Amino acid sequence: MANILDYLRWRGDIPLAQSPFNDVDNLILARLSYIKFDGIVPEEIGPMGIEIGRAVALLRDPAPGNPFSVHYDPLSDDDKALLSLLETSERFSKMILTGYVNDFDPDAEKQFSSLTILPGDATAYIAFRGTDNTIVGWKEDFNMSFTTPVPAQTEAVRHLKTVAPLLGLPLRVGGHSKGGNLAVYSASFCPEEIQKKIICVYNNDGPGLDQNTISKDGYQRMKDRIITFVPQSSIVGMMLEHEEDYMIVHSTQTGMAQHDPYSWEVLRCDFVTDGRLTNGSRFIDRTLKGWVAEVDAEKRKFFIDTLYEIISSTDAKTVREFSASWGKNALTFARAYKNMDEETRTILREVVAALIRTARENLTLPSIPVKK
């Protein structure tokens, strides 16, 4: 089954002038925003950025004293293959990277990064990075279940309001995972004069927004230009609410692994689409929405803050570090629960019980139609 890497091998030599920007190009640029280009891509917006080919060469160069290559070795094999193909691609290698921001603030529980790409077709693509592997990044995602805006959403609006006038170009705004949510949120809450410049907003399996936010005029003005993709067993992308239509992409993975953009099937310059979500995805969607409806925001916040406090006490900075010591960390959870006062334990039990109860109720519900 073909994916974005195969797309680059087969069609990476076709310039935009011959084959215009498409949905698969969007996913590639959204994934590119995950790469740490600190010190390589300038923060200042403008045409004097750096070409993708040159940026990749600097990132990969293992020469002694190169301060940038430290970000290359930890990359996955898929990301390394992506960068290698972009470096030599006629379609992508000359695209300009500019406006790089990487803001990580544990105290504010904020993980925010953005990258602006100038494809060379007199437009700009503003890509927001999704959740990284840090505990803080995932905590900010969970915060979306009880508060809007979270710090990254506020920062995304500010960034778009700053960048758009400097570019003076028609815009595409996009991202994968939380980056897709930030793209939708920033486009919905930027001034109308900037909204008029936005060609479309790409949400690649990112969470939706809460019902109150969706009802706002800004979102309503943008919703017909929001293009949302979710895999057939989407979990992340089905969180919160989507009033815009979405397309279901076929993934070659199962379960949570379908969130991986390298698993999305591609045919020529389009995604291979499926007709409906799986039962598992619909079950998770209904369970989470039912849980949010049953448990008030204050208790959800208390529950998530308490879990985060316990996880932080393990000294793990990333999800990988936490998972690597799961046995030890399970004991930390047990000790923390034992030492909690009775009021705290009661609230935690209530929240978990509500989640279990909602899940049981949704096991017996019939399938529901999905938007496509």
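Residues numbered from 1 in each chain as written. Predicted model: local features only at pLDDT ≥ 70, side-chain atom pairs only at ≥ 80, totals over all residues. Heavy atoms only, no water.

1. Concerning the sheet that holds strand β7 (residues 226-231)
Then comes step 1: On the basis of which strands lie adjacent, the open sheet formed by nine strands has the order β1-β2-β3-β4-β5-β6-β7-β8-β11 and mixed pairing. Pairing within the sheet leaves two strands with one partner each, and these edge strands are β1 (50-51) and β11 (273-274). (Pairing = 2+ DSSP bridges. Helix = DSSP H or I, 4+ residues; strand = E, 2+ residues; numbered from the N terminus.)

2. Quick look at the nonpolar core
Then comes step 1: Counting 46 residues, the largest nonpolar core has Ile-28, Leu-32, Phe-37, Ile-40 and Leu-97 as its most contacted members.
Then comes step 2: At the level of secondary structure, the elements contributing two or more residues to this core comprise α1 (4-11), α2 (23-32), α3 (52-60), α4 (77-88), β2 (96-105), β3 (110-118), β4 (124-128) and β6 (198-204).
Then comes step 3: Sorting elements by how many residues they give to this core places α2 first, with six residues.
Then comes step 4: The residues touching Phe-37, leaving out its near neighbours within four places in the chain, are Leu-32, Ala-55, Leu-59, Leu-97, Tyr-100 and Leu-115.
Then comes step 5: Listed in part, the 30 residues of the second largest apolar core include Leu-118, Ile-126, Val-157 and Leu-182. (Core = buried A, V, L, I, M, F, W, Y, C linked by side-chain atoms within 4.5 Å. Buried < 20%, exposed > 50% of the residue type's maximum accessible area, 1.4 Å probe, protein only. Contact = heavy atoms within 4.5 Å.)

3. Considering the pattern of salt bridges
Then comes step 1: Enumeration according to the criterion identifies eight salt bridges in this entry.
Then comes step 2: Residue Asp-6 is joined to Arg-9 by a salt bridge in which the shortest nitrogen-to-oxygen separation is 3.2 Å. Remark: Arg-9 and Asp-6 occur in helix α1; sequence separation between them is three residues, near one turn of the helix.
Then comes step 3: Asp-6 gets classed as buried once you look at its relative accessible area, which sits at 17%.
Then comes step 4: Given a relative accessible area of 49%, Arg-9 falls into the partly exposed group. (Salt bridge = Lys/Arg side-chain N within 4 Å of Asp/Glu carboxyl O.)

4. Quick look at the packing of helix α6 (residues 151-167) against helix α7 (residues 178-189)
Then comes step 1: In contact at an axis separation of 8 Å, α6 and α7 are set at 55° when each is read in the N-to-C sense. Here α7 runs oblique to α6, going by the angle between their axes. Two packed elements cross with a definite hand, and for α6 against α7 that hand is right-handed. Here α6 contributes Ala-152, Gln-153, Ala-156, Val-157 and Leu-160 to the contact with α7, which in turn contributes Lys-178, Asn-181, Leu-182, Tyr-185, Ser-186, Ala-187 and Phe-189. (Axes fitted to C-alpha atoms, helices over the stretch in contact; angles between N-to-C directions. Parallel < 35°, antiparallel > 145°, perpendicular 65-115°, else oblique. Left-handed = near helix turned anticlockwise from the far one by under 90°.)

5. Some words on the environment of Gly-49
Then comes step 1: Structurally, Gly-49 can be placed in the loop between α2 and β1.
Then comes step 2: For the pair Gly-49 and Gly-99, spaced 50 residues apart in sequence, the C-alpha separation works out to 8.1 Å.

6. A short note on the pairing of strand β5 (residues 171-176)
Then comes step 1: Of all six residues in β5, six are buried; the element is thus mostly enclosed.
Then comes step 2: The side-chain alternation of β5 yields two buried faces, one formed by Leu-171, Val-173 and Gly-175 and the other by Arg-172, Gly-174 and His-176.
Then comes step 3: Of the pairings in the sheet, the one linking β4 to β5 comprises five bridges and is parallel in character. What sits directly across from Phe-128, in β5, is Gly-175.
Then comes step 4: Of the strand pairs in this sheet, β5 and β6 are connected by six bridges, and their pairing is parallel. Bridging across to β6, Gly-174 finds its partner in Tyr-202.

7. Remarks on α1
Then comes step 1: Of all eight residues that make up α1, six are buried, and the element is covered over most of its length.
Then comes step 2: Listed in full, the buried residues belonging to α1 are Ile-4, Leu-5, Asp-6, Tyr-7, Leu-8 and Arg-11.
Then comes step 3: Packing partners of the buried residues in α1 comprise α2, α4 and β9 (266-267).
Then comes step 4: Its side-chain oxygen 3.0 Å from the backbone nitrogen of Leu-5, Asn-3 forms the N-cap of α1. (Polar contact = N/O pair within 3.5 Å; in protein donor to acceptor, adjacent residues only side chain to side chain.)

8. Description of the packing of aromatic side chains
Then comes step 1: Applying the stated rule across the entire model yields seven aromatic pairs.
Then comes step 2: Measuring from centroid to centroid gives 5.9 Å for Trp-264 and Phe-271, while their planes differ by 80°, and the two rings are edge-to-face. Accessibility classification places Trp-264 together with Phe-271 in one group, the buried group.
Then comes step 3: Following the ring pairs from residue to residue traces out a cluster consisting of Phe-21, Tyr-125 and Tyr-202. (Phe/Tyr/Trp six-rings, centres within 6.5 Å; stacked < 30°, edge-to-face > 60°.)

9. Describing unusual backbone geometry
Then comes step 1: The phi torsion at Ser-177 lies on the positive side, around 60°, for a residue other than glycine.
Then comes step 2: Along the chain, Ser-177 falls in the loop between β5 and α7.
Then comes step 3: With a relative accessible area of 5%, Ser-177 lands in the buried category.
Then comes step 4: Even without being glycine, Arg-268 reaches a positive phi, approximately 55°.
Then comes step 5: Inspection of the secondary structure puts Arg-268 in the loop between β9 and β10 (270-271).
Then comes step 6: Classification of Arg-268 as exposed rests on a relative accessible area of 55%.

10. Quick look at the side chain of Ser-263
Then comes step 1: When you line up the elements, Ser-263 lands in the loop between β8 (246-249) and β9.
Then comes step 2: Using a relative accessible area of 4% as the deciding quantity, one classes Ser-263 as buried.
Then comes step 3: Side chain to side chain, Ser-263 and Ser-251 meet in a polar contact 2.7 Å long.
Then comes step 4: For Ser-263, the contacting residues outside a window of four places in its chain are His-250, Ser-251, Thr-252, Gln-253, Ala-257 and Gln-258.

11. Considering the confidence of the model for the chain
Then comes step 1: A residue-level look at the chain finds 77% of positions with pLDDT of 70 or above and a mean pLDDT of 83.
Then comes step 2: Contacts for the low-pLDDT stretch residues 365-372, under 50 throughout, to residues beyond four places or in other chains number 24 contacts. (pLDDT = per-residue confidence, 0-100.)

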